[in-house]
Amino acid sequence: MIRLEEVTKTYRGANEAALRSVSLDIQRGEFVFLVGTSGSGKSSMLRMMLREERPDQGNVLVLGENLSRLPARRVPQFRRKLGVVFQDFRLLPNKTVYQNIAFALKVIGKPKAFIETAVPDVLRLVGLDHKSDSLPSALSGGEQQRVAIARAVVNRPDILLADEPTGNLDPASSSEIMNLLERINLAGTTIVMATHDRNIVDRMQKRVVEISNGEIVRDAETASYKEIPSGPMPVIPEPKDFEEKP
Ligand SMILES: Nc1ncnc2c1ncn2[C@@H]1O[C@H](COP(=O)(O)OP(=O)(O)OP(=O)(O)O)[C@@H](O)[C@H]1O
Ligand SMILES: [Mg+2]
């Protein structure tokens with residue numbers, strides 16, 4: 001479904017490569033976390049999958065397309081098969097919840113009759129049918145992100161790419177977002193999510209791909225945010241270290 005083959009990318013003007021020979025294979029229906037410190041290359045990997053960037057070397061294959069060979073005129077059509085969610089929601093501030101989602105369908109030429117059933121359906125999915133006529137400014141951050149997710153999935157994409165979707169949210173709202181993403185995944189959408197959120201990754205126990213300095217350093221199924229060290233137990237300090245000072 002998504003395959004990166006020895007992808008190397010150095011941004012124009014940068015001294016160091018953002019991605020170094022990154023290879024990765026994601027199957028249909030998977031839920032994958034991309035983790036790693038700031039600047040490690042998580043967003044760059046997502047941008048490759050969206051064909052917002054192209055590799056200097058290597059191949060990116062998504063939904064059967066080799067994105068290096070995809071002509072520019074076919075990129076919009078390709079992107080319609082993907083949903084994308086960002087940390088900062090990116091809703092249109094002057095449109096209502098309903099209009100934000102309907103507009104996304106209108107610009108890709110969906111018929112009115114489709115829009116009129118798909119928008120209420122997806123708003124029910126994210127639990128916001130009662131906020132249909134609200135402006136984004138009248139919603140909480142968690143609600144705004146649910147609208148952004150509704151907009152991303154209303155056209156039933158095969159793949160949902162999420163770049164730190166809980167980065168601006170409190171733990172309770174983050175949990176709601178993760179429950180929603182998990183339901184979307186169970187309905188068949190492949191999800192790749194870049195995150196710094198250790199609690200979420202530890203709780204979800206999905207595949208974790210860790211990237212460091214542009215290289216994949218770990219790829220583990222049902223994993224936690226940090227690798228659990230194997231080998232000898234850590235040295236436990238002698239009891240005297242705990243003695244109370246007089
Ligand atoms: N458009 C760009 N031009 C030049 N360098 C860039 C560009 N975008 C990213 N980089 C560099 O590429 C490297 C990887 O960046 P990337 O945004 O992929 O990291 P990230 O893991 O998403 O970080 P964060 O957790 O902060 O979002 C960084 O060194 C960054 O400075
Ligand atoms: Mg990033």
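The structure presented is a predicted model; accordingly, all values stated were derived computationally and were not measured. (Residues numbered from 1 in each chain as written. Chains lettered and ligands numbered in written order. Predicted model: local features only at pLDDT ≥ 70, side-chain atom pairs only at ≥ 80, totals over all residues.)

Novice: Sorry if this is basic, but what is going on with unusual backbone geometry here?
Specialist: The phi angle of most residues is negative, glycine excepted, and most peptide bonds adopt the trans form. Positive phi outside glycine occurs at E6, with the angle close to 45°. Notably, L63 is not glycine yet its phi reads approximately 50°, a positive angle. Here L63 is to be found in the loop between β4 (57-62) and β5 (65-66). (Helix = DSSP H or I, 4+ residues; strand = E, 2+ residues; numbered from the N terminus.)

Novice: Looking at this structure, how should I read the packing of helix α3 (residues 97-107) against helix α4 (residues 112-125)?
Specialist: Two numbers describe a pair of packed helices, the interaxial angle and the distance between the axes. The geometry of α3 relative to α4 is characterised by a closest axis approach of 10 Å and an angle of 135° between their N-to-C directions. Compared by their axis directions, α3 and α4 come out oblique. In the packing of α3 onto α4, the handedness of the crossing is right-handed. In this structure, α3 uses Y98, I101, A102, L105 and K106 to contact α4, whose residues at the interface are I115, A118, V119 and V122. When the residues that make up the contact of α3 with α4 are grouped by side-chain class, the tally is 8 nonpolar, no polar and 1 charged. (Axes fitted to C-alpha atoms, helices over the stretch in contact; angles between N-to-C directions. Parallel < 35°, antiparallel > 145°, perpendicular 65-115°, else oblique. Left-handed = near helix turned anticlockwise from the far one by under 90°. Contact = placed C-beta atoms within 7 Å. Nonpolar A, V, L, I, M, F, W, Y, C, P; charged D, E, K, R; others polar.)

Novice: Can you help me understand the pairing of β4 in this one?
Specialist: The side chains of a regular strand alternate between both faces of the sheet. Pairing geometry for strand β1 (residues 2-9) and β4, over 5 bridges, is antiparallel. What sits directly across from R3, in β4, is L61. Here β4 folds back onto β5 in antiparallel fashion, the turn holding 2 residues, of which L63 has a positive phi close to 50°. (Pairing = 2+ DSSP bridges.)

Novice: Would you mind showing me how to read the environment of N66 here?
Specialist: On the secondary structure map, N66 appears in strand β5. For N66, a count of 12 C-beta atoms within 10 Å translates into the label exposed. Residues N66 and R51, spaced 15 residues apart in sequence, show a C-alpha to C-alpha distance of 10.0 Å. In contact with N66, not counting residues within four places along its chain, are N59 and L61. (Buried ≥ 20, exposed ≤ 12 C-beta atoms within 10 Å, placed from the backbone.)

Novice: What is the right way to look at the sheet that holds β4 in this model?
Specialist: Two strands in a sheet stick together by hydrogen bonds in their backbones, pointing the same way (parallel) or opposite ways (antiparallel). With antiparallel pairing, 4 strands are arranged side by side in an open sheet as β2-β1-β4-β5. The outermost strands of the open sheet, each flanked by one partner alone, are β2 (19-26) and β5. Both β4 and β5 contribute to a ladder of 2 bridges, which runs antiparallel. The partner of V62 across the bridge, within β5, is E65. Of the strands in this sheet, β1, β2 and β4 touch helix α1 (residues 42-49), which is tilted by about 120° from β1.

Novice: Would you explain helix α6 (residues 171-186) in this entry?
Specialist: Residue pairs three or four apart in sequence face the same way in an α-helix, which turns once every 3.6 residues. Taking 1.5 Å of rise per residue, the 16 residues of α6 would be expected to cover 22 Å, and the 22 Å separating its terminal C-alpha atoms lies within 8% of that figure. Listed as buried for α6 are S174, I177, M178, L180, L181 and I184. Each buried residue of α6 sits inside an arc of 160° when the element is viewed along its axis, so together they form one side. Exposed residues on α6 whose side chains face more than 90 degrees from its buried face are P171, A172, N179, R183 and L186. The first or second residue beyond α6 is G188, which carries a positive phi of 120°. (Expected span 1.5 Å × (residues − 1). Arc of directions from axis to C-beta.)

So yeah, pure geometry; function would need other evidence.
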